[in-house]
Amino acid sequence: MERFLPALLAPLGIVWLLASSITYVLLIVDTWQGTDFVVVKLLVCITFDVFLATIWPITWILWIAMYFMGKNTPLHLLFG
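Residues numbered from 1 in each chain as written. Predicted model: local features only at pLDDT ≥ 70, side-chain atom pairs only at ≥ 80, totals over all residues. Heavy atoms only, no water.

S.K.: Please clarify how the overall build of the chain should be interpreted in this entry.
M.R.: Within the chain, the secondary structure is distributed over four helices and zero strands. Reading the chain from its N end, one meets helices and strands in the order α-α-α-α. Computed over C-alpha atoms, the radius of gyration of the chain comes to 16 Å, more than 25% over the 12 Å expected from 2.2 N^0.38 for 80 residues, which places it beyond the range of a compact globule. Oriented by its inertia axes, the alpha-carbon framework of the chain measures out at about 50 × 35 × 15 Å. (Helix = DSSP H or I, 4+ residues; strand = E, 2+ residues; numbered from the N terminus. Rg over C-alpha atoms; globule rule 2.2 N^0.38 Å.)

Structure representation (structure tokens):
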């Protein structure tokens, strides 16, 4: 089992890396579209956006797994 654990975790790590990067870029774009002061935008980018970019990939992975298992998710609303 010890040999198979890295083989099982490697795809999750790759998905996490891609999803967190994409999420962070989307959050930064969303933050800079607002009307707040530049200082507030910078503070949000280095704190709250980083936190959300860490958490949201968990949700994405769960939604994708549930979608392929045939469960109803928000992805089901998007892709039908």
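S.K.: Where do I start with the confidence of the model for the chain in this structure?
M.R.: Low-pLDDT portions of the prediction should not be read for the details of their coordinates. In the predicted model, the chain carries a mean pLDDT of 85, and 95% of its residues have values of at least 70. Element-level pLDDT for the chain is lowest in helix α4 (residues 74-79), with a mean of 72, against a maximum mean of 92 in helix α2 (residues 38-46). (pLDDT = per-residue confidence, 0-100.)

S.K.: Explain the packing of helix α1 (residues 4-32) against α2 to me, please; I cannot follow it from the model alone.
M.R.: If you want to describe how two helices pack, look at the angle between their axes and the distance between the axes. Direction vectors running N to C along α1 and α2 enclose 165 degrees, while the axes themselves pass 10 Å from each other. The pairing of α1 with α2 is recorded here as roughly antiparallel in orientation. Crossing handedness for the pair α1 and α2: right-handed. Contacts between α1 and α2 involve Tyr24, Ile28, Thr31 and Trp32 from the former and Val38, Lys41, Leu42, Val44 and Cys45 from the latter. For the contact of α1 with α2, the class distribution of residues is seven nonpolar, one polar and one charged. (Axes fitted to C-alpha atoms, helices over the stretch in contact; angles between N-to-C directions. Parallel < 35°, antiparallel > 145°, perpendicular 65-115°, else oblique. Left-handed = near helix turned anticlockwise from the far one by under 90°. Contact = heavy atoms within 4.5 Å. Nonpolar A, V, L, I, M, F, W, Y, C, P; charged D, E, K, R; others polar.)

S.K.: I keep staring at helix α3 (residues 48-68) and nothing clicks. Help me out?
M.R.: A turn of α-helix holds 3.6 residues, and therefore any two residues three or four places apart point the same way. The end-to-end C-alpha distance of α3, which contains 21 residues, comes to 30 Å, matching closely the 30 Å that a straight helix rising 1.5 Å per residue would cover. Largest kink in α3: about 25 degrees, centred on Thr54, with the proline Pro57 one to four residues after it. Listing the buried residues of α3 in full gives Asp49, Leu52, Ala53 and Pro57. For α3, the secondary structure elements touched by its buried residues are α1 and α2. (Expected span 1.5 Å × (residues − 1). Bend = angle between axes of the 7 residues up to and from the residue. Buried < 20%, exposed > 50% of the residue type's maximum accessible area, 1.4 Å probe, protein only.)

S.K.: Would you explain the side chain of Thr23 in this entry?
M.R.: Here Thr23 shows up in helix α1. Among all residues touching Thr23, those that are not within four sequence positions of it are Leu52, Ala53, Trp56 and Trp60.

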